[in-house]
Amino acid sequence: AQTVTQSQPEMSVQEAETVTLSCTYDTSENNYYLFWYKQPPSRQMILVIRQEAYKQQNATENRFSVNFQKAAKSFSLKISDSQLGDTAMYFCAFIAYGGSQGNLIFGKGTKLSVKP
Amino acid sequence: KAGVTQTPRYLIKTRGQQVTLSCSPISGHRSVSWYQQTPGQGLQFLFEYFSETQRNKGNFPGRFSGRQFSNSRSEMNVSTLELGDSALYLCASSLASISQETQYFGPGTRLLVL
């Protein structure tokens, strides 16, 4: 079975500082995508960043970047220059592709608070 | 381009009743997926529809069902509601395959079962 684990239920960071959220996953699949989604208090789930497993280069989106370690099955999210608007639940998610259709599997989430 | 919309946003029902939730995907998106979000279980996949056909299903009882119309709009139905069905129900759409396309989420429908 495929699982996604986020070991940090809650984290806090000072505004303008850098924070890293952890995510590990377990799968026997070779072809898959990994995602970080953000869910602010307003509840709209927003895609933060996406990583294709076949790409060695880590994905980046402005202040957001990932550290993808395929052998270790680790996919952490780094937020640089944290802003108050980054306060949200962050979910790591995984989906396999190829062969039978997969579905998006989420971790339990990390609640991030950015403090002024 | 308008985002994913869900109606209603909030709903209160009593045990034993049934409920229908609606989701309109982003224009051009043909895949619609449904998720249940609860504090205890987190986000769990319910099912995915593509071209009016259920393509994938999560581990939920048969009381949970869905359908998709020719315009890609989707409805989810829960019959014989139980207290444990209280949750935020999220709908997500993607261009085609949820395996290879990013999903975009709607704001959700919060269901409270009394």
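Use the structure listed above.
For clarity, every value in this text was computed on a predicted model and none was experimentally measured.

**As for the overall build of chain A**
Moving on, step 1. Per the secondary structure count, chain A includes 0 helices and 12 strands.
Moving on, step 2. Across chain A, helices and strands are ordered from the amino to the carboxyl terminus as β-β-β-β-β-β-β-β-β-β-β-β.
Moving on, step 3. Here the C-alpha radius of gyration of chain A, 14 Å, is about what a compact globule of 116 residues would show, namely 13 Å.
Moving on, step 4. Dimensions of chain A, computed from the C-alpha atoms along their principal axes, are close to 45 × 25 × 20 Å.
Moving on, step 5. Residue burial in chain A is summarised as follows: out of 116 residues, 48% are buried.

**Some details on the overall build of chain B**
Moving on, step 1. When you go through chain B residue by residue, the secondary structure sums to 0 helices and 11 strands.
Moving on, step 2. Reading the helices (α) and strands (β) of chain B from amino to carboxyl end gives β-β-β-β-β-β-β-β-β-β-β.
Moving on, step 3. Against the globule reference of 13 Å for 114 residues, chain B gives a C-alpha radius of gyration of 13 Å, in line with a compact fold.
Moving on, step 4. Counting the 114 residues in chain B, one finds 53% classified as buried.
Moving on, step 5. Here the contacts in chain B between residues at least 6 apart in sequence split such that 55% fall between residues at least 24 apart.
Moving on, step 6. Within chain B, the 6 negative side-chain charges are centred at a point lying 5 Å from the centre of the 11 positive side-chain charges.

**Comments concerning the pattern of salt bridges**
All names here are of chain A.
Moving on, step 1. Across all of its chains, the model carries 9 salt bridges over all chains by this definition.
Moving on, step 2. Notably, a salt bridge pairs Arg 50 with Glu 52, separated by 3.4 Å at the nearest N-O pair. For the residue pair Arg 50 and Glu 52, the accessibility class agrees, reading buried in each case.
Moving on, step 3. Of the charged contacts, one joins Arg 63 and Asp 86 as a salt bridge, the two residues approaching to 2.8 Å between their closest N and O atoms.

**Structural notes on a nonpolar patch on the surface**
Residue and element names in this part refer to chain B.
Moving on, step 1. Together, Ile 12, Leu 112 and Leu 114 make up an exposed nonpolar region whose accessible area comes to about 300 Å².
Moving on, step 2. In this structure, Leu 114 sits in the segment after strand E11 (109-113).
Moving on, step 3. For Leu 114, a relative accessible area of 53% gives the class exposed.

**Focus: the state of the cysteines**
Residues and elements named next belong to chain A.
Moving on, step 1. Taken as a whole and assessed by the stated rule, the structure comprises 2 disulfides over all chains.
Moving on, step 2. Across the disulfide, Cys 23 is cross-linked to Cys 92 (sulfur-sulfur distance 2.0 Å). Linking Cys 23 and Cys 92, the disulfide has an S-S dihedral of approximately -70° and is accordingly described as left-handed. Taken together, the positions of Cys 23 in the loop between strand E3 (19-21) and strand E4 (24-26) and Cys 92 in strand E10 (residues 88-96) put the pair 69 residues apart, joining distant regions of the chain.

**Comments concerning unusual backbone geometry**
Moving on, step 1. Geometrically, the link from B:Thr7 to B:Pro8 is a cis peptide bond, its omega value of -10° lying close to zero.
Moving on, step 2. Look at A:Ala16: it is not a glycine, yet its phi comes out positive at around 80°.
Moving on, step 3. Here A:Ala16 lies in the loop between strand E2 (10-14) and E3.
Moving on, step 4. The exposure class of A:Ala16 is exposed, given its relative accessible area of 51%.

**With respect to the interface of chain B and chain A**
Buried accessible area, meaning the area lost when the parts come together, often serves as the stated size of an interface.
Moving on, step 1. In this assembly, 22 residues from chain B lie in contact with 19 residues from chain A.
Moving on, step 2. The contact between chain B and chain A buries some 1800 Å² in all, and 49% of this surface belongs to carbon and sulfur atoms.
Moving on, step 3. Inspection of the chain B/chain A interface yields 0 salt bridges.
Moving on, step 4. Secondary structure elements with two or more residues in the side of chain B that touches chain A: strand E4 (31-38), strand E5 (42-50), strand E6 (53-57) and strand E9 (87-94) of chain B.
Moving on, step 5. When residues of the side of chain B that touches chain A are assigned to their parent elements, the largest contribution, 3 residues, is made by E5(B).

**Thoughts on the packing of aromatic side chains**
In this description, an aromatic ring pair is defined by two values, namely the gap between the centres and the angle between the planes.
Moving on, step 1. As enumerated under the stated definition, the model contains 16 aromatic pairs over all chains in all.
Moving on, step 2. Here the aromatic rings of A:Phe106 and B:Tyr35 are separated by 5.6 Å at their centres, their planes lie at 90°, and the arrangement is edge-to-face. In this pair, A:Phe106 sits in strand E11 (residues 105-106) while B:Tyr35 sits in strand E4, so the two residues belong to two different chains.
Moving on, step 3. According to the relative accessible area criterion, A:Phe106 is buried, its value standing at 8%.
Moving on, step 4. Judged by its relative accessible area of 0%, B:Tyr35 falls in the buried class.
Moving on, step 5. Seen from their ring centres, B:Phe47 and B:Tyr49 are 5.6 Å apart, and the 75° between their planes marks the pair as edge-to-face.
Moving on, step 6. When its relative accessible area of 5% is taken as the criterion, B:Tyr49 is described as buried.
Moving on, step 7. Among the aromatic residues, those joined into a cluster by ring pairs are A:Tyr33, A:Phe35, A:Tyr37, A:Phe91, A:Phe106, B:Tyr35, B:Phe45 and B:Phe105.
Moving on, step 8. Geometry around B:Phe50 places B:Arg55 over its ring, the cationic atom sitting 4.3 Å from the centre.

The rules behind the values
Residues numbered from 1 in each chain as written. Chains lettered and ligands numbered in written order. Predicted model: local features only at pLDDT ≥ 70, side-chain atom pairs only at ≥ 80, totals over all residues. Heavy atoms only, no water. Helix = DSSP H or I, 4+ residues; strand = E, 2+ residues; numbered from the N terminus. Rg over C-alpha atoms; globule rule 2.2 N^0.38 Å. Buried < 20%, exposed > 50% of the residue type's maximum accessible area, 1.4 Å probe, protein only. Contact = heavy atoms within 4.5 Å. Lys, Arg positive; Asp, Glu negative; His and termini not counted. Charge placed at Lys NZ, Arg CZ, Asp CG, Glu CD. Salt bridge = Lys/Arg side-chain N within 4 Å of Asp/Glu carboxyl O. Patch = residues over 30% accessible without salt bridge, like charges linked within 9 Å, V, L, I, M, F, W, Y side chains within 5 Å. Areas by Shrake-Rupley, 256 points an atom, 1.4 Å probe, with all protein chains shown as cover. Disulfide = S-S within 2.5 Å. Buried area = accessible area lost by both parts, 1.4 Å probe. Phe/Tyr/Trp six-rings, centres within 6.5 Å; stacked < 30°, edge-to-face > 60°. Lys NZ or Arg CZ within 6 Å of the ring centre and 35° of its normal.

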